[in-house]
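Now for the letters of each chain:
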Amino acid sequence: GFLPGRRGGDAAHGQISRRKRRATQQRPRSTETMTERAASTGFHVGGETVTTYNDAHYKKLRERWGLGDDFLATFDFTKNMKGGGGKGGDLMGFTTDKLYIVKEVNPGDQKTLLKITEDYAAHLLDPHGSLLARFFLHFSRKGKDFLVMNNWMPPPRYDAVDSMEELGFDLKTNYNRFDLKGCADDKTLVALGEPVHAVHKRIFNVGMWCGDALWTPERKRYFEGKKHAQEVKFHVSQQVHDEISKQTRRDVQFLQKWGLMDYSLVVSYHGVPRTHLDVARSVYAGTSDGGSQPYLAASKDTLYISYVGIIDFLQDWTCAKKVAMCVKCCERNKATIPPVPYGDRFASFVDAKFSGDCAPVPEVVALDATP
């Protein structure tokens, strides 16, 4: 691993075709119903006692990734939770160290989560590995449901190194983040160290549909970011390429089995001069959780540091999604397609998106210690 031994959380400071019919027929039957869920009380989040769901399974995941039951002991709901955690404006917040996300769960995702918990936990604990976001706690608080997961894009810790002037280069310049589905929804979240804010064309905004002459600078930047997201390739070693592809295929089979779609691959991608391995070590120290990420590879002149994960995978193939597919019938390469073709396209896309043309970095052992 790049930086084994991450220990985070706020406690540490004070994340119909035949194939379609077959996938539906093979979907496991849940042993729980909404009224038979394994709920318990006694877990503390931010000084409050909350009701947890199926915590026997999530406790295994916490133990696997070295989290104690107190990892959210000082989480501040009032300070940390903000709107915008989804299209519906669900609440979302980060722990102080930015390593974990606490996110409100909408009713549809709640239903899915209760169905898949046992199978999901077994999938993540399997030694073959997974890129699925790691869920560590599912709980209810004041009538709302929440999920705690790892942050697949932990931010670089720029304050851990000298000033950019002393370094001799701008460390932020080559830092980028992407949200990718392998379709027209692909977008850049951060480009050259600066956030790219979403500015959509809406049916009521006539100016957006009359060419780009009336577009705002923000809309133009967002559009360029979407093009960049579709064109960019991520440079990794051949071994990492094969690992990412293999784990993605395994994850897709799991999601197809449960009839899930509309998920995304998030990628944090940072290039630094190859001669500055010490800088890479400093800004990413403590962000790894002991797995194989972040991935590190080197071209002739550049070190590439990558985090890769699959998020937002609780969307079931509902009637609403089927209607949306019909409404968007004229849209090319759309996200709203059934789970089996969605997963097949996604796996092929991920395999092609990563280029195994870099060398592994033997100096990776020098990155083990956390300052």
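Given the structure is predicted, the values throughout are model-derived calculations rather than measurements.

Structural notes on the confidence of the model for the protein
- Of all residues in the protein, 78% attain a pLDDT of 70 or more, and the chain-wide mean is 84.
- In this model, residues 1-6 is a region of pLDDT below 50 whose contacts with residues beyond four sequence positions or in other chains number 42 contacts.

Some details on a negative patch on the surface
- Taken together, Asp-162, Glu-165, Glu-166 and Asp-170 make up a surface patch of like negative charges.
- Mapped onto the fold, Glu-165 is located in helix α5 (residues 164-167).
- Note on Glu-165: relative accessible area 68%, which makes it exposed.

Considering unusual backbone geometry
- Put simply, Gln-293 and Pro-294 share a cis peptide bond, and its omega is 0°.
- Locating Pro-294 in the fold gives a position in the loop between α8 (277-284) and β13 (295-298).
- In this model, Asn-54 sits at a positive phi of 50°, which is unusual for a non-glycine residue.
- Its place among the elements puts Asn-54 in the loop between β2 (48-53) and α2 (55-64).

Concerning α2
- Turning to α2, its buried residues are Asp-55, His-57, Tyr-58, Leu-61 and Arg-62. An end-on view of α2 places all buried positions within 155° of arc, on one side of the element. Away from the buried face of α2 by more than 90 degrees, exposed residues Ala-56 and Glu-63 are located.
- Just downstream of α2, Gly-66 is the residue with a positive phi angle, here 70°.

What to know about the sheet that holds strand β8 (residues 187-191)
- The strand order β9-β8-β7-β12-β14-β13-β16-β10 describes an open sheet built from eight strands, whose pairing is mixed. Each edge of the sheet is formed by a strand with only one pairing partner; in this case those strands are β9 (194-195) and β10 (234-237).
- Pairing geometry for strand β12 (residues 264-273) and strand β14 (residues 302-311), over 10 bridges, is antiparallel. The residue bridging Tyr-269 from the neighbouring strand is Ser-306, located in β14.
- In this fold helix α7 (residues 238-257) packs onto β10, β13, β14 and β16 (354-360), with an angle of close to 105° to the strand it touches most, β10.

A look at the pattern of salt bridges
- Scanning all chains against the criterion turns up 11 salt bridges.
- Of the charged contacts, one joins Arg-141 and Glu-48 as a salt bridge, the two residues approaching to 2.8 Å between their closest N and O atoms. Remark: Glu-48 occurs in strand β2 and Arg-141 occurs in strand β5 (residues 135-141); sequence separation between them is 93 residues.
- By relative accessible area, Arg-141 is classed as buried at 16%.
- The exposure class assigned to Glu-48 is partly exposed, which follows from its relative accessible area of 26%.
- With its nearest N and O atoms 3.6 Å apart, the salt bridge here joins Asp-316 to Lys-115. Of this pair, Asp-316 sits in strand β15 (residues 315-316) while Lys-115 sits in helix α4 (residues 107-125), and the two are 201 residues apart along the sequence.

Rules behind the numbers
Residues numbered from 1 in each chain as written. Predicted model: local features only at pLDDT ≥ 70, side-chain atom pairs only at ≥ 80, totals over all residues. Heavy atoms only, no water. pLDDT = per-residue confidence, 0-100. Contact = heavy atoms within 4.5 Å. Patch = residues over 30% accessible without salt bridge, like charges linked within 9 Å, V, L, I, M, F, W, Y side chains within 5 Å. Areas by Shrake-Rupley, 256 points an atom, 1.4 Å probe, with all protein chains shown as cover. Salt bridge = Lys/Arg side-chain N within 4 Å of Asp/Glu carboxyl O. Lys, Arg positive; Asp, Glu negative; His and termini not counted. Charge placed at Lys NZ, Arg CZ, Asp CG, Glu CD. Helix = DSSP H or I, 4+ residues; strand = E, 2+ residues; numbered from the N terminus. Buried < 20%, exposed > 50% of the residue type's maximum accessible area, 1.4 Å probe, protein only. Arc of directions from axis to C-beta. Pairing = 2+ DSSP bridges. Axes fitted to C-alpha atoms, helices over the stretch in contact; angles between N-to-C directions.

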